[in-house]
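For reference, the chains in residue letters:
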Amino acid sequence: MSDANLLEALVRTEFGKGAARRTRRDGNVPAVLYGHNEEPQHLAINAREFAAILRQHGTNAILNLDIAGKKQLAMTKSVVVHPLRRYIEHADLLLVRHGEKVVTDVHITLVGEAATGTLITQETTVLSIEADAMKLPETIEVSIEGIEPGTQITAGTITLPAGVTLAGDPDALIVNIIAAPAAAAESEGEAASEEGAAE
C-alpha cells in the first residue's frame, strides 16, 4: 500500500469561493482533511489524478496523501460534483490509520435472475457497514437468483464478507420481490374502478 493511490496534496492558505475557484482553475480540487481530533487541513489535490482513483476504486477509495513530504492515509468521505459540468467541486477526506475500523456506505449490486413472473424493487442502493479502512469492499453483492414472489431481503439477512459488520438498521428493506402479473392486473383493476367512479 506504500505508493498505491498516491496523491500530492498542497496546503491551501486562502479560503472562500474565490480561492476555491482559483484552486479548480489550476486543475486541483479543494479538499478538507479532518479526523482524529486534529485541526482540519485545507488542501488542494490534482483533479485528474483524484478522479482516476475514484473511477478505479469507488467513492470509498483510500488515498495515500503526500502533504509537504509527510504521508497521511485518508478515506474519501464525500465528494461534491457540479450538477451540470460534472467536475469535482469539493472533497471531504477523513484521516485513517492502518487497522482502524470505519463506518461507511457501500454500494449494493444485485446478482442472478429472480424467478419468472417477478418484479424486483431495490429500495436502497447502499448499505451502511463497519470494516477495516484498508479492507473496505467496493460493493456488496446480493443474490436474487431464483427468489420467489413475496420475498423481502432486509439488511440483516445479507451475507457480508469476513471482517465486515452491518452498521445500519438490520430491518431496513433492501430488495422487495413481488409477483409482476398480479401487480399489473391489480393496478389495471384500480384504474378501471377509478374511471367508473369518475363517470
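Everything below is about the structure shown above.
### Let's talk about the pairing of strand β2 (residues 28-35)
The element β2 is largely enclosed, with a buried count of seven among its eight residues. Bridging between β2 and strand β3 (residues 38-46) involves seven bridges; their strand directions are antiparallel. Considered in β3, the bridge of P30 is made with A44. Here β2 folds back onto β3, and the loop between the two strands holds two residues, one of which, H36, carries a positive phi near 55 degrees.

### Describing the environment of A114
Mapped onto the secondary structure, A114 falls in the loop between β7 (101-111) and β8 (118-122). The class of A114 is buried, set by a relative accessible area of 18%. The spacing of A114 and E148 is 34 residues in sequence and 6.9 Å in space, taken between C-alpha atoms. Excluding residues that lie within four positions of it along the chain, A114 makes contacts with I120, I144, G146 and I147.

### Notes on the side chain of T76
With respect to the helices, strands and loops of the structure, T76 is situated in strand β5 (residues 70-81). Contact partners of T76, with chain neighbours within four places excluded, come to F50, L54, T59, N60, A61, L63, D92 and L93.

### Here we look at unusual backbone geometry
A positive phi angle, close to 55 degrees, is found at N37, a residue other than glycine. Examined against the element boundaries, N37 turns out to sit in the loop between β2 and β3. Judged by its relative accessible area of 85%, N37 falls in the exposed class. The phi angle at R86 is positive, at roughly 65 degrees, despite the residue not being glycine.

Analysis parameters
Residues numbered from 1 in each chain as written. Predicted model: local features only at pLDDT ≥ 70, side-chain atom pairs only at ≥ 80, totals over all residues. Heavy atoms only, no water. Buried < 20%, exposed > 50% of the residue type's maximum accessible area, 1.4 Å probe, protein only. Helix = DSSP H or I, 4+ residues; strand = E, 2+ residues; numbered from the N terminus. Pairing = 2+ DSSP bridges. Contact = heavy atoms within 4.5 Å.

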